[in-house]
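# Residue-level structural notes
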Amino acid sequence: MEKLVLGLLVALSLGTWSIMLGKYKQLRTARAQTQEFIDIFHGSSRFSEVNEAADRLAASPLVGIFKSGYIEIDSQIKALRARSQEDEKAPAYRMRSMEGLGRSLRRAVSAELQVLRRGTGFLASTASASPFIGLFGTVWGIMVAFQDIGVTGSTSLVAVAPGIAGALVNTAAGLAAAIPALLGYNYFTGQIREWRAELDDFVLEFLNLAERNFT
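Being a predicted model, the structure only gives us computed values, none of them experimental. (Residues numbered from 1 in each chain as written. Predicted model: local features only at pLDDT ≥ 70, side-chain atom pairs only at ≥ 80, totals over all residues. Heavy atoms only, no water.)

### Quick word on the layout of surface pockets
Note the threshold: Here a cavity denotes a set of grid points, spaced 1 Å apart and computed over the protein atoms alone, in which a 1.4 Å probe fits but from which it cannot get out, and a pocket denotes an open set meeting protein on both sides within 12 Å along at least five of seven lines; residues with an atom within 4 Å of a point are reported as lining. Grid points are joined across faces, edges and corners, and a volume is the space filled by probe spheres set on the points. To qualify as a helix, a DSSP run of H or I must reach at least 4 residues; to qualify as a strand, a run of E must reach at least 2; elements of each kind are numbered from the N terminus. Under this grouping Gly is polar, as are all residues other than the nonpolar Ala, Val, Leu, Ile, Met, Phe, Trp, Tyr, Cys and Pro and the charged Asp, Glu, Lys and Arg.
Roughly 180 Å³ of volume is contained in the second largest pocket. Within the residue set of the lining of the second largest pocket, elements represented by two or more residues are α4 (98-117) and α6 (157-214). Considering every element that reaches the lining of the second largest pocket, the biggest residue donor is α4, with six residues. In the lining of the second largest pocket, the residues fall into five nonpolar, two polar and four charged.

Here is the structure:
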């Protein structure tokens, strides 16, 4: 049982480091591509130009939001164009609903945040559960050590030390898995909060531009 618990803790530790390294790389790439996308977005006069450039910057959460808004605007414009064939007074290149655009952008924000949060739940679970898993392994090992004492009748330190030392390794392994997971979870949660604010700001900017140009 002690070895089984230790193996589980090692697996949790490896999973933690794998997720943290992958998440760090993901956020670093997203930050670099976001800066490039913002430069293109602010420097272009047409959404169609931004949409063409956005395809190579898919790692940026802002790209997903922009594309969702662009598709919504395009669908609304096409619907009004179809209507204008029957009604000459129907405006071209105009949106029907800013509320519909806002809902589409909010859904896109939720989807992008889900991508950014992916893996953080594992870190939180590892941080909270690993110490108790390690403690379980330790308690189990000490119980086995006391059973050995009962069987052999020897209470010398030489007899019980190996078993107790092996049991305490599980406590150390539990902490070794929990501490990096906790630090990683807190770090990435802070990063995601910053991303949330940035995504919300971009949504407001996008809505303002859409309102000026398509209503």
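### Digging into the nonpolar core
The cut-off we apply is this: By nonpolar core is meant a set of buried Ala, Val, Leu, Ile, Met, Phe, Trp, Tyr and Cys residues that side-chain atoms within 4.5 Å join together. Throughout, exposure labels follow a simple rule: accessible area from a 1.4 Å probe, protein chains only, divided by the maximum for the residue type, with under 20% read as buried, over 50% as exposed, and the rest as partly exposed. Only heavy atoms matter for contacts: two residues are in contact if any of them lie within 4.5 Å across the pair.
Residues Phe37, Phe41, Ile73 and Phe206 are the most contacted members of the largest nonpolar core, which totals 34 residues. Residue assignment for this core shows that the elements contributing at least two residues are α1 (2-43), α2 (47-54), α3 (61-84), α4 and α6. Sort the elements by how many residues they give to this core and α6 lands first, with 11 residues. In this structure Phe37 touches Val50, Ala54, Leu57, Leu62, Val63, Phe66 and Phe202, once residues within four positions along its chain are discounted.

### Section: the packing of α1 against α2
Basically, it comes down to this: Every axis corresponds to a line fitted to the C-alpha atoms, with the helix fit spanning only the stretch in contact, and the corresponding angles, defined between N-to-C directions, vary from 0 to 180 degrees. We call two directions roughly parallel when the angle between them is under 35 degrees, roughly antiparallel when it is over 145, roughly perpendicular when it lies between 65 and 115, and oblique otherwise. Crossing chirality is assigned from the near helix's rotation relative to the far helix, an anticlockwise turn below a right angle marking it left-handed and a clockwise turn marking it right-handed.
At a closest axis distance of 9 Å, the pairing of α1 and α2 adopts a crossing angle of 160°. Judged by the angle between their axes, α1 and α2 are roughly antiparallel. Read as a crossing pair, α1 and α2 show a hand that is right-handed. Counting all contacts with α1, which are made through Phe37, Ile40 and Phe41, the residues of α2 involved are Phe47, Val50, Ala53 and Ala54. For the contact of α1 with α2, the residue count by class is seven nonpolar, no polar and no charged.

### Let's talk about the environment of Val10
Mapping Val10 onto the fold places it in helix α1. When its relative accessible area of 42% is taken as the criterion, Val10 is described as partly exposed. Sequence spacing of Val10 and Ala173 is 163 residues, and the spatial spacing of their C-alpha atoms is 7.3 Å.

### Examining α4
Applied cut-off: Residue count minus one, scaled by 1.5 Å, sets the expected span of a helix.
For α4, which comprises 20 residues, the first-to-last C-alpha distance of 29 Å matches the rise-based estimate of 28 Å (1.5 Å per residue) to within 8%. For α4, every residue scored as buried is listed here: Gly100, Leu101, Gly102, Ser104, Leu105, Ala108, Val109, Glu112, Leu113 and Leu116. Where α4 terminates, the next one or two residues include Gly119, which has phi positive at roughly 100°.

### Description of the pattern of salt bridges
Rule in force here: What makes a salt bridge here is a side-chain nitrogen of Lys or Arg within 4 Å of a carboxyl oxygen of Asp or Glu, nothing more.
Inspection of every chain in the model, using the stated rule, returns six salt bridges. Here Glu49 ties to Arg46 by a salt bridge, and the two come within 3.3 Å at their closest N and O atoms. One salt bridge in this structure joins Asp200 and Arg196, with 3.3 Å as the shortest N-O distance. Within this pair, Asp200 and its partner Arg196 are both found in helix α6, separated by four residues, close to a single helical turn. For Asp200, a relative accessible area of 32% translates into the label partly exposed.

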